[in-house]
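# Architecture at a glance
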Amino acid sequence: MGHQVIIFDFSVIRGLWETRVKKSKERQRKEKERLEQSALERIKQEWNLILECRKKGIPQSKYLKNGFVDINAKNLDTNGKNPQLKKSHALSDGVNKEQDKFIFQLSGEQWTELPDSLKEQTYLKEWHVYNTLIQTIPAYLALFQDLRVLELSKNQINYLPAEIGCLKNLKVLNVSFNNLKSVPPELGDCENLEKLDLSGNMEITELPFELSNLKQLTFVDVSANKFHSIPICVLRMSNLQWLDISSNSLKDLPEDIDRLDELQTLLLQKNKLTYLPRALVNMPKLSLLVVSGDDLVEIPTAICESTTGLKFVSLKDSPVETIVCEDTEEIRENEREREQVEKEFMKAYIEDLRERESTPSYTTKVMLSLQL
């Protein structure tokens, strides 16, 4: 069975996508205006009002006027003084406040370190710290035994403390786009971790073997770093479903990559691969494979002719204009910013690709020509 080669340009795809979104929004706006002016919309509003009033125990005399439903919002406002209704709203607000008190959020470049008061809030279940100038995470992190989510993206963090291994209930760790050069082996003690994002740190070259213990991991993103090969520990993550190791320095893939028999998405673009191993054909759940590079000259025919529903996408990298700059830090920041933009665009592109479930398997050649 042959395969179809479709040649696209990313800038064209983006233009078409933006045009489609604009047209869809315009259609929705016109349809909304049409419905608002129609009798059906008024009937719908009346019925919704009646149902809402009945739920709140508001008598008919309050929303009927001369036998007709009065959709004036004041009816609900005046009857909102109902004690039972107030109690219901208060309960709802109380639940939201109860949930919020377990979440710590911090952002802004005015922050260079975490507030001292944080160490007293060991009951927290989530940290969301982003876009700050914070460089270190204190050792008292170990006190937060109930922590489930640790989101630390887009800061200036240089290292993770060994105490992170004490977080036995941690499920999500996002330390993307920081300044990490390594990962502590103690992270392997976070046995319930399900999502690990180390992308955009630019300098990580290896992961400790101890991460092999993370059997619950389903998502790993180590893109935009300096990996020369897929870490051994990753090949031992038996439940892994998503692996993004794009924008690294991979020259080949391990012949036993088919050990990842639960893997569904494998992103390999912007590496230095020259061939793809036949073992990829033996991965029954692999549904999306993305590669790129003119050096990639050997691709198993079985991948292109796969009957398993595999979408194989080959991106053609456009040469990036070299900017002459003496400041190494500025060069790194430019690269980091470009990686963030490309990552967001690839995310949108992949989501669009996944929506085309009826599309047969194919080889797609896409020219990456984003102007950054």
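Just so it is clear, the structure is predicted and the values come from calculations on it, not from any experiment.

## A short note on the pattern of salt bridges
One pass over the full model with this rule turns up 9 salt bridges. Overlapping salt bridges, with partners in common, bring together Asp221, Asp244 and Lys343 in one network.

## Some words on the layout of surface pockets
When its volume is computed, the second largest pocket comes out at roughly 720 Å³. Contributing to the lining of the second largest pocket are 35 residues, with Asp197, Asp221, Lys343, Glu344 and Lys347 lying nearest its centre. Elements that contribute at least two residues to the lining of the second largest pocket include exactly strand 8 (195-197), strand 9 (219-221), strand 10 (242-244) and helix 8 (328-355). With 9 residues, helix 8 is the single largest residue contributor to the lining of the second largest pocket. For the lining of the second largest pocket, the residue count by class is 12 nonpolar, 10 polar and 13 charged.

## Some remarks on unusual backbone geometry
Notably, Met202 is not glycine yet its phi reads approximately 70°, a positive angle. Take Met202: it is sitting in the loop between strand 8 and strand 9. Phi at Lys270 is positive, roughly 60°, even though this residue is not glycine. Mapped onto the elements, Lys270 comes out in the loop between strand 11 (265-267) and strand 12 (288-292).

## Focus on the packing of aromatic side chains
Here a ring pair, both rings aromatic, is described through the centre-centre distance and the interplanar angle of the planes. Inspection of every chain in the model, using the stated rule, returns 5 aromatic pairs. Centre to centre, the rings of Trp127 and Phe144 are 5.0 Å apart; their planes meet at 80°, and the pair counts as edge-to-face. Here Trp127 is found in strand 5 (residues 126-130), whereas its partner Phe144 is found in the loop between strand 5 and strand 6 (149-151), with 17 residues between them in sequence. Ring plane angle 40° and centroid distance 6.4 Å describe the contact between Tyr140 and Phe144, whose orientation is recorded as tilted. Accessibility classification places Tyr140 together with Phe144 in one group, the buried group.

## Structural notes on the nonpolar core
With 65 residues, the main nonpolar core has Trp127 and Leu276 as its most contacted residues. For this core, the elements supplying multiple residues, two or more each, are strand 4 (103-107), strand 5, helix 6 (232-235), strand 12 and helix 7 (301-304). Among the elements that line this core, the one with the most residues is helix 6, at 3 residues. With near-sequence residues (within four places) excluded, Trp127 lies in contact with Phe104, Leu114, Leu118, Ile137, Leu141, Phe144, Leu147, Val149, Leu150, Glu151 and Leu152. Counting 9 residues, the second-largest nonpolar core is a separate cluster that includes Val290, Leu315, Tyr349 and Ile350.

Analysis parameters
Position labels on residues start from 1 in each chain and follow its written sequence. Per-residue local features are limited, in this predicted model, to residues with pLDDT of at least 70; the limit for side-chain atom pairs, both in listing and counting, is 80 or more; totals at the level of whole chains, interfaces and linings are taken over all residues. Water and hydrogen atoms play no part in the side-chain values, which are based on all heavy atoms of the structure. Definition used for salt bridges: Asp or Glu carboxyl oxygen within 4 Å of a side-chain nitrogen of Lys or Arg. In this analysis the probe radius is 1.4 Å and the grid spacing 1 Å, with only protein atoms considered; a cavity is a set of points the probe fits into but cannot get out of, a pocket is an open set with protein on both sides within 12 Å along at least five of seven lines, and lining residues have an atom within 4 Å of a point. Grid points are joined across faces, edges and corners, and a volume is the space filled by probe spheres set on the points. Note on conventions: DSSP H or I runs of at least 4 residues are helices, E runs of at least 2 residues are strands, and numbering of each starts at the N terminus. Polar here means any residue other than Ala, Val, Leu, Ile, Met, Phe, Trp, Tyr, Cys and Pro, which are nonpolar, and Asp, Glu, Lys and Arg, which are charged; Gly is therefore polar. A pair of Phe, Tyr and Trp rings is counted when the ring centres sit within 6.5 Å of each other, with Trp represented by its six-membered ring. The angle between the planes then sorts it: under 30 degrees is stacked, over 60 is edge-to-face, the rest tilted. Burial classification: accessible surface area is computed with a 1.4 Å probe over protein chains only, and a residue below 20% of its type maximum counts as buried, one above 50% as exposed, and the rest as partly exposed. Put simply, a nonpolar core is a bunch of buried Ala, Val, Leu, Ile, Met, Phe, Trp, Tyr and Cys residues held in one set by side-chain atoms that sit within 4.5 Å of each other. Residues count as neighbours in contact if any of their non-hydrogen atoms are within 4.5 Å of one another.

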